[in-house]
Amino acid sequence: MRNEKVQKLVMTGVFAALSYVVFTFLQIKITLPGGDATSIHLGNAVCVLGALILGGLYGGVGGALGMTIGDIFDPIYVIYAPKTFILKLCIGLITGLIAHKCGKITHISDKKKIFQWTLLAAIGGLAFNMVADPLVGYFYKLVILGKPAADITLAWNIASTSINAVLSTIVSVAVYMALRPALQKAGLFFRLGTAPSEK
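This one's a predicted model, so the numbers in the text were calculated from it and none came from an experiment.

**Describing the packing of aromatic side chains**
Enumeration according to the criterion identifies 4 aromatic pairs in this entry. Plain terms: the ring middles of F23 and Y77 are 5.9 Å apart, the flat faces sit at 40 degrees to each other, and that makes the pair tilted. One end of the pair, F23, is in helix α1 (residues 2-25); the other, Y77, is in the loop between α3 (56-72) and α4 (81-102), with 54 residues separating them in the sequence. Pairing Y138 with F139 gives two aromatic rings, centres 5.3 Å apart and planes at 80 degrees, and the pair type is edge-to-face. Given a relative accessible area of 15%, Y138 falls into the buried group. The ring of F190 is capped by K8, whose NZ or CZ atom sits 5.6 Å from the centre of that ring.

Here you go:
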């Protein structure tokens, strides 16, 4: 049990580093009026993948830490770091809740059911972000930057968050389904949540 906790902590660090690299170096940044920016990136896919592999808390923390550090080192995004941490953590928590509490994906072997629950979990976490990120961002900008900046960037943020959600869903589900057998063989597959009751 102790060994598994250490492995999860180490893998949380790996997911934090991975989300930082993916968000920081593989993003397409779109400069907006007023010196603001939005971006197309797969950082959220790493967050979802972490939640599917490690559970909502560990995966969410890994993804949130990586993207928050990415914000801190970017002069344009630095003021959004607290918002990033909270929203990305929520992606992980929601994904993990659906995948492990509802779908119990680590306790079933039917590939079709695993795929369905993995897809539902990814959609759930990223749909939350698709709604919450632009709305929270709007009110965040309203308080910090003033109303004009918030109004100008809202439509762009909705568009980029929607694109990110679709891309991240596809990538995270495909990578999880491909990685799952390899993780099982390597002894890095964690049974999360409780097993479904036999009837």
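More follows now that the structure is in view.
**What about the pattern of salt bridges?**
Scanning the model with the defined rule gives 4 salt bridges in all. Where E4 meets K8, a salt bridge forms, and the shortest distance between an N and an O atom there is 3.7 Å. Residue E4 and its partner K8 are located together in helix α1, separated by 4 residues, close to a single helical turn. Given the relative accessible area of 28%, E4 is considered partly exposed. When its relative accessible area of 11% is taken as the criterion, K8 is described as buried. The partner of D74 in a salt bridge is K29, and the shortest N-O contact between them spans 2.4 Å. Remark: K29 occurs in strand β1 (residues 28-31) and D74 occurs in the loop between α3 and α4; sequence separation between them is 45 residues.

**Re empty space enclosed by the protein**
Sizing a probe to match a water molecule and rolling it over the atoms shows the empty space that remains. What the rule picks out here adds up to 1 cavity of 30 Å³ or more. Roughly 330 Å³ of volume is contained in the largest cavity. Lining the largest cavity are 22 residues, and of these T38, H41, Y77, K83 and D133 sit closest to its centre. Elements supplying a minimum of two residues to the lining of the largest cavity: β2 (37-40), α3, α4, α5 (111-144) and α6 (147-186). Split by residue class, the lining of the largest cavity holds 5 nonpolar, 11 polar and 6 charged.

**A few points about the environment of A182**
With respect to the helices, strands and loops of the structure, A182 is situated in helix α6. Taking the C-alpha atoms as reference points, A182 and L126, separated by 56 residues in sequence, lie 25 Å from one another.

**Overview of the layout of surface pockets**
Taken as a whole, the largest pocket spans an internal volume of roughly 200 Å³. Lining the largest pocket are L54, G55, G56, L57, Y58, G96, L97, H100, K101, L192 and G193. Elements with a minimum of two residues in the lining of the largest pocket: α3 and α4. With 4 residues, α4 is the largest single contributor of residues to the lining of the largest pocket. Looking at side-chain class alone, the lining of the largest pocket contains 5 nonpolar, 5 polar and 1 charged residues.

Scoring rules and cut-offs
- Residues numbered from 1 in each chain as written.
- Predicted model: local features only at pLDDT ≥ 70, side-chain atom pairs only at ≥ 80, totals over all residues.
- Heavy atoms only, no water.
- Phe/Tyr/Trp six-rings, centres within 6.5 Å; stacked < 30°, edge-to-face > 60°.
- Helix = DSSP H or I, 4+ residues; strand = E, 2+ residues; numbered from the N terminus.
- Buried < 20%, exposed > 50% of the residue type's maximum accessible area, 1.4 Å probe, protein only.
- Lys NZ or Arg CZ within 6 Å of the ring centre and 35° of its normal.
- Salt bridge = Lys/Arg side-chain N within 4 Å of Asp/Glu carboxyl O.
- 1 Å grid on protein atoms, 1.4 Å probe; cavity = no way out; pocket = protein on both sides within 12 Å on 5 of 7 lines; lining within 4 Å.
- Points joined across faces, edges and corners; volume = space filled by probe spheres on them.
- Nonpolar A, V, L, I, M, F, W, Y, C, P; charged D, E, K, R; others polar.

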